[in-house]
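Given next are the chains, with one letter for each unit.
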Amino acid sequence: MNSSTFDYKRAATVDDAIALLQEHGDGGKLIAGGHSLLPIMKLRLAEPDVLIDIGRIAELRGVRRDAGEIAIGALTTHHQVATDPEVRSTIPLLADTASRVGDRQVRNRGTIGGALAHADAASDYPAAVLALDATIVARGPRGERRIPAREFFLDFLTTALEPDEVLTAVHISEPAAGHGWSYQKLANQASGYAIVGVGAIVVLDASGVCADLRIGVTGTAAVAWRAEATEAALRGQQLEPGAVAAAAELVDDGIDALDDLHGSAEYRRRVTRGLTRRAILEAVERTHSRGS
Ligand SMILES: Cc1cc2nc3c(=O)[nH]c(=O)nc-3n(C[C@H](O)[C@H](O)[C@H](O)COP(=O)(O)OP(=O)(O)OC[C@H]3O[C@@H](n4cnc5c(N)ncnc54)[C@H](O)[C@@H]3O)c2cc1C
């Protein structure tokens, strides 16, 4: 199917994009890589009057260090996130997650900002940005604001972004030296999307006790979440397989699992618990291998 007709405008700067969003109201839609927006336009699930192309705004591209944080511009492609030396060495969880998005073509065109703003339930990044306690930076007519990842994902395809705001960057504080990490994913074999994806960060103290554990889960439900009950059960404990398996059973407490052609709710719950256990144990393994 073809999309409905639309006008096309190219924004030269972020301020330009904000002004165009204000000018066109509900009819205006930003386009970055187009790899989520164009498919839904072809299905006529979105029929914008005007596409506002932000794809050439240089200030939205690339990775830099910024006041102790790694700042990743919204237009940075999945491939760039996966291969950037700074991201790979400092926040390997994010690099690995990006490397497992879709296929090569998707990774070369799709952007981290577009993926987060779109907030597909099966998107990979929410698991990582939740586990990394990332901050989403947005700019609009009222200025810039920083949104904690935990407050960003509100519902299916719905985020805390206002309609006239541009997501400009993702900021991530460097995790503790020697931390362990893992991204476990059950991928849809056709598209690569996450039926379930679990990201984990583990920090052990000198005696091997869990000083910090952060787990983000995507795919299972309409909205990604932090697995707080599992985290609380294991902080201050030795991360032995038995204790980890027991805590992983808590991961989906209070969660309304999706039930669709890709998997029943019960199947998703079981996979989520299994991948949570694997993610924690692999993260622990990596912590040890980094010599902490
Ligand atoms: C075949 C295929 C397989 C895929 N597999 C996966 C997968 O395995 N895992 C996965 O996570 N994703 C997958 N995707 C989605 C892909 O990652 C997209 O690139 C991503 O979801 C959207 O990024 P984009 O830059 O293409 O955004 P676009 O499609 O351009 O935009 C998406 C939405 O975000 C808004 N938007 C874009 N940028 C901004 C911004 N800076 N500020 C505010 N709003 C903005 C747009 O207005 C639009 O509503 C797949 C896509 C395809 C086509």
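Scoring rules and cut-offs
Residues numbered from 1 in each chain as written. Predicted model: local features only at pLDDT ≥ 70, side-chain atom pairs only at ≥ 80, totals over all residues. Heavy atoms only, no water. Near = heavy atom within 4 Å. Polar contact = N/O pair within 3.5 Å; in protein donor to acceptor, adjacent residues only side chain to side chain. Areas by Shrake-Rupley, 256 points an atom, 1.4 Å probe, with all protein chains shown as cover. Helix = DSSP H or I, 4+ residues; strand = E, 2+ residues; numbered from the N terminus. Contact = heavy atoms within 4.5 Å. Core = buried A, V, L, I, M, F, W, Y, C linked by side-chain atoms within 4.5 Å. Buried < 20%, exposed > 50% of the residue type's maximum accessible area, 1.4 Å probe, protein only. Pairing = 2+ DSSP bridges. Axes fitted to C-alpha atoms, helices over the stretch in contact; angles between N-to-C directions. Salt bridge = Lys/Arg side-chain N within 4 Å of Asp/Glu carboxyl O.

1. Looking at the site of the ligand
Consideration 1: As a structural note, the neighbourhood of the ligand is formed by 30 residues, with Leu30, Ser36, Leu37, Thr111 and Asp124 the closest of them.
Consideration 2: Contact distances for the ligand include 2.9 Å between an oxygen atom and a backbone N or O atom of Gly33.
Consideration 3: Within the backbone of Leu167, an N or O atom sits 2.8 Å from a nitrogen atom of the ligand.
Consideration 4: The protein chains hide 90% of the 970 Å² of surface that the ligand would expose on its own.
Consideration 5: Secondary-structure elements contributing two or more residues to the shell around the ligand are β2 (28–31), α7 (112–118) and β10 (166–173).
Consideration 6: Broken down by element, the residue count for the shell around the ligand peaks at 4 residues, all from α7.

2. Some words on the environment of Thr158
Consideration 1: Note that Thr158 resides in strand β9 (residues 158–159).
Consideration 2: Setting aside anything within four residues of it in sequence, one finds Thr158 in contact with Ala119, Phe152 and Phe153.

3. Examining the nonpolar core
Consideration 1: With 40 residues, the main nonpolar core has Ile72, Leu94, Leu116, Tyr125 and Phe152 as its most contacted residues.
Consideration 2: Among the elements that make up this core, the one with the highest residue count is helix α8 (residues 125–131) (6 residues).
Consideration 3: When neighbours within four sequence positions are excluded, Tyr125 is seen to be in contact with His78, Val81, Leu94, Thr97, Ala98, Val101, Ile112, Ala115 and Leu116.

4. Some remarks on the environment of Pro39
Consideration 1: Note on placement: Pro39 falls in helix α2 (residues 37–42).
Consideration 2: Distance from Pro39 to Leu275, taken between C-alpha atoms, is 29 Å for residues 236 residues apart in sequence.

5. With respect to unusual backbone geometry
Consideration 1: Positive phi is not limited to glycine here, since Asp133 has a value of about 55°.
Consideration 2: Following the sequence through the fold, Asp133 ends up in the loop between α8 and β6 (135–140).

6. Looking at the sheet that holds strand β1 (residues 7–10)
Consideration 1: As summarised here, the arrangement of the 3 strands in space is β1-β3-β2, forming an open sheet in which the pairing is parallel. A strand with exactly one partner marks an edge of an open sheet, and here the two such strands are β1 and β2. The sheet shows a mean angle of 25° between the axes of neighbouring strands, taken without regard to direction.
Consideration 2: When β2 meets strand β3 (residues 50–53), the two strands line up parallel, connected through 4 bridges. Note that in β3 the partner of Lys29 across the bridge is Leu51.

7. Let's talk about the pattern of salt bridges
Pairs can form between side chains of opposite charge once their charged atoms are near each other.
Consideration 1: In this structure the tally under the stated criterion is 20 salt bridges.
Consideration 2: Asp96 serves as the salt-bridge partner of Arg100, at 3.1 Å between the closest nitrogen and oxygen.
Consideration 3: Using a relative accessible area of 31% as the deciding quantity, one classes Arg100 as partly exposed.
Consideration 4: Here Arg214 ties to Asp212 by a salt bridge, and the two come within 3.1 Å at their closest N and O atoms.
Consideration 5: According to the relative accessible area criterion, Arg214 is buried, its value standing at 11%.
Consideration 6: The class of Asp212 is partly exposed, set by a relative accessible area of 23%.
Consideration 7: Connected through salt bridges with shared partners, the residues Asp133, Asp212, Arg214, Arg226, Glu231 and Arg235 form a single ionic network.

8. What about the pairing of strand β4 (residues 63–66)?
Consideration 1: Strand direction decides the pairing type here: β4 and strand β5 (residues 69–73), joined by 4 bridges, are antiparallel. Each bridged residue has a counterpart across the sheet, and for Arg65 the counterpart in β5 is Ile70.
Consideration 2: The hairpin formed by β4 and β5 contains 2 residues between the paired strands, and Ala67 there has a positive phi angle of roughly 50°.

9. Section: the environment of Arg109
Consideration 1: Locating Arg109 in the fold gives a position in helix α6 (residues 104–109).
Consideration 2: With 32 residues separating them in the primary sequence, Arg109 and Thr77 have C-alpha atoms 6.2 Å apart.
Consideration 3: Excluding residues within four positions of it along the chain, Arg109 makes contact with Ala32, Gly33, His35 and Thr77.

10. Details of the sheet that holds strand β13 (residues 210–218)
Consideration 1: Spatially, β11-β12-β13-β14 is the arrangement adopted by the 4 strands of the open sheet, whose pairing is antiparallel. Of all strands in the sheet, those with a lone pairing partner are β11 (180–187) and β14 (225–226), marking the two edges.
Consideration 2: Bridge count between β11 and strand β12 (residues 194–204): 8 bridges; the pairing is antiparallel. Bridge pairing links Ser182 to Ala200 in β12.
Consideration 3: Sitting on the sheet, helix α5 (residues 92–99) is in contact with β11 and β12, with an inclination near 20° to β11.

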